[in-house]
Amino acid sequence: MTGHMSSAMLNRLRAVEWIGDWGYAFGHVRSRRVLMREYLRRAAQWTQACSAESEWPFFDVTDHVDPDFRLPPEISLELDEYLGQVPGESLRRTCAGAVRMAELRARRPSVLPDLPDLYEPLVRFYERGGEFFRDNAGFLDLTGVSFRPGTLRGHLGTPRLSTLSEAMLDAVDAEGRISYYAASTGTGPLLRRRDLRDERHDEVFGQGPYWEPTDLLPSSEEEVKEAGWVRLDEIDAAELIGTAVARASRQRG
């Protein structure tokens, strides 16, 4: 049915609390950073595919994919009314893009490049804590953490996330300063070390799948390296978590 997919996406965005509970957003800061990094990677791919480099990273790509595309009039009106409540131009452009892309994908999938959904990581980012800010120094403030978005070309070669499941995102979120480790052989479990105030928690992602205490990590970084454990980027760790979660789900099913 015409308008069904765009209406569903608009309803998801309506449920977002743009300026809501700071504690809720801070509690999801790690998954939000992972989602933002995945969005920037996908945005770089879509921008290159659509020759829209000047608009990266926060934009409505549908104008470049199909300049003649139009939403059903009633959805277009509802979208315009909703965007008046959204804080920030970058947020409004991407919300419009998410709604329009949902409809374009349903109606004319053949015009889309063979790329993963552009806006899903960002919509999930919004759902897990609302808005972000761009400051005058070029940083993105994700509520609780700031980082530079980097460059378009820099994101073309970054590792991808093959799943954005809620279970994976929940497993990424945790308090404290976190470091991830895996065996240098490429086999074995995923470990993390969380330093929280005056406490240290060493954990392994088990078969549950969930984090469990472990004594596999030696106390010092030097000993960790000597034992054959190497540090992982949070995206690589999230990918391993997602794979483990999917495997556990298949086994239960």
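This write-up is about the structure you can find in this document.

**A look at the layout of surface pockets**
The gaps left among the atoms become clear once a water-sized probe is rolled over them.
Thinking step 1. Each pocket or cavity is described by its volume, and for the largest pocket that value is around 330 Å³.
Thinking step 2. Gly 188, Pro 189, Leu 190, Ala 244 and Arg 247 are the residues nearest the centre of the largest pocket, which is lined by 18 residues in total.
Thinking step 3. Among the elements of the structure, β4 (177-183) and α11 (234-252) are those that each provide at least two residues to the lining of the largest pocket.
Thinking step 4. Across the lining of the largest pocket, the residue classes break down as 10 nonpolar, seven polar and one charged.

**Considerations on helix α7 (residues 120-127)**
Thinking step 1. Across the eight residues that make up α7, a large majority, seven, are buried.
Thinking step 2. Those residues of α7 not exposed but buried are Glu 120, Pro 121, Leu 122, Val 123, Arg 124, Phe 125 and Tyr 126.
Thinking step 3. Residues of α7 that are buried in the fold lie against α1 (4-14), α3 (29-49), α6 (89-107) and α9 (166-172).
Thinking step 4. At the C-terminal side of α7, Gly 129 shows a positive phi close to 155°.

**Concerning unusual backbone geometry**
Thinking step 1. Cis geometry is adopted by the peptide bond preceding Pro 57, which originates at Trp 56 and carries an omega value of 10°.
Thinking step 2. Looking at the secondary structure, you find Pro 57 in the loop between α3 and α4 (62-65).
Thinking step 3. Here Gly 208 and Pro 209 are connected by a cis peptide whose omega angle stands at 0°.
Thinking step 4. Residue placement: Pro 209 occurs in the loop between β6 (199-205) and β7 (211-213).
Thinking step 5. The backbone phi angle of Thr 143 is positive, close to 70°, even though this residue is not glycine.
Thinking step 6. Locating Thr 143 in the fold gives a position in the loop between β2 (140-141) and β3 (146-147).
Thinking step 7. Under the relative-accessibility criterion, Thr 143 is labelled buried at 12%.
Thinking step 8. With phi around 55°, Arg 197 is a residue other than glycine that occupies positive phi space.
Thinking step 9. Note on placement: Arg 197 falls in the loop between β5 (191-196) and β6.
Thinking step 10. Under the relative-accessibility criterion, Arg 197 is labelled exposed at 69%.

**Quick notes on the sheet that holds β7**
Thinking step 1. What the five strands build is an open sheet, ordered β7-β6-β5-β4-β8; its pairing is antiparallel. Strands with a single pairing partner mark the edges of an open sheet, and in this sheet they are β7 and β8 (229-232). Across the sheet, the mean angle separating the axes of adjacent strands is 35° when strand polarity is ignored.
Thinking step 2. In the sheet, β6 pairs with β7 via three bridges, with the strands oriented antiparallel. Residue pairing in the sheet places Glu 203 in a bridge with Pro 213 of β7.
Thinking step 3. Sheet strands touched by α11: β4, β6, β7 and β8. Its angle to β8, the strand with the most contacts, is close to 100°.

**Points about the nonpolar core**
Thinking step 1. Within the largest apolar cluster, 66 residues are counted, with the highest numbers of intra-cluster contacts made by Met 36, Tyr 39, Val 61, Tyr 126, Phe 132 and Ile 241.
Thinking step 2. A total of nine residues in this core trace back to one element, the largest contributor, which is α3.
Thinking step 3. Apart from the residues lying within four places of it in its own chain, the contact partners of Tyr 39 are Pro 57, Phe 58, Phe 59, Thr 94, Leu 118, Tyr 119, Pro 121 and Leu 122.
Thinking step 4. Judged by nonpolar contacts, the second largest core, of seven residues, contains Ala 183, Leu 191, Val 204 and Val 224.

Conventions used here
Residues numbered from 1 in each chain as written. Predicted model: local features only at pLDDT ≥ 70, side-chain atom pairs only at ≥ 80, totals over all residues. Heavy atoms only, no water. 1 Å grid on protein atoms, 1.4 Å probe; cavity = no way out; pocket = protein on both sides within 12 Å on 5 of 7 lines; lining within 4 Å. Points joined across faces, edges and corners; volume = space filled by probe spheres on them. Helix = DSSP H or I, 4+ residues; strand = E, 2+ residues; numbered from the N terminus. Nonpolar A, V, L, I, M, F, W, Y, C, P; charged D, E, K, R; others polar. Buried < 20%, exposed > 50% of the residue type's maximum accessible area, 1.4 Å probe, protein only. Contact = heavy atoms within 4.5 Å. Pairing = 2+ DSSP bridges. Axes fitted to C-alpha atoms, helices over the stretch in contact; angles between N-to-C directions. Core = buried A, V, L, I, M, F, W, Y, C linked by side-chain atoms within 4.5 Å.

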